[in-house]
Amino acid sequence: MSKHCNVGLDDRCRDLLNGEIRHKRGDTLVGTLRETYGPNFAPGVRSDTRLDTLRQRAGVDSLSKILNRK
């Protein structure tokens with residue numbers, strides 16, 4: 001499968017096979033997300049914290065909900 005994707009709603013990637021919007025994996029690190037969303041993403045959270053842990057602490061089920069909380 002190609003690393004390229006069809007850009008969809010809100011510049012999120014769509015799966016090339018079925019068009020579904022991809023979800024960030026839970027084992028993605030906050031430090032990696034800061035490379036995409038900037039150094040102010042999740043202030044006060046260690047860069048080695050996993051996304052699934054961050055979502056659990058925030059009480060949300062998606063990265064977009066974390067991003068919209070600002």
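The shown structure was predicted, so the numbers you read here are calculated from the model rather than taken from an experiment.

## What about the pattern of salt bridges?
Tallied over the full model, the rule gives 4 salt bridges. Here D61 makes a salt bridge to K65, at a shortest N to O gap of 3.0 Å. Judged by its relative accessible area of 42%, K65 falls in the partly exposed class.

## Side note on the nonpolar core
Residues V30, L33, F41, A42, V45, L51, L54, V60, L63 and I66 constitute the largest nonpolar core, which totals 10 residues. Among the elements of the structure, α1 (30-37), α2 (51-58) and α3 (63-68) are those that each provide at least two residues to this core. Look past the residues within four positions of V30 in its chain and what remains in contact with it is F41, A42, V45, R46, S47, T49 and L54.

What counts and what doesn't
- Residues numbered from 1 in each chain as written.
- Predicted model: local features only at pLDDT ≥ 70, side-chain atom pairs only at ≥ 80, totals over all residues.
- Heavy atoms only, no water.
- Salt bridge = Lys/Arg side-chain N within 4 Å of Asp/Glu carboxyl O.
- Buried < 20%, exposed > 50% of the residue type's maximum accessible area, 1.4 Å probe, protein only.
- Core = buried A, V, L, I, M, F, W, Y, C linked by side-chain atoms within 4.5 Å.
- Helix = DSSP H or I, 4+ residues; strand = E, 2+ residues; numbered from the N terminus.
- Contact = heavy atoms within 4.5 Å.

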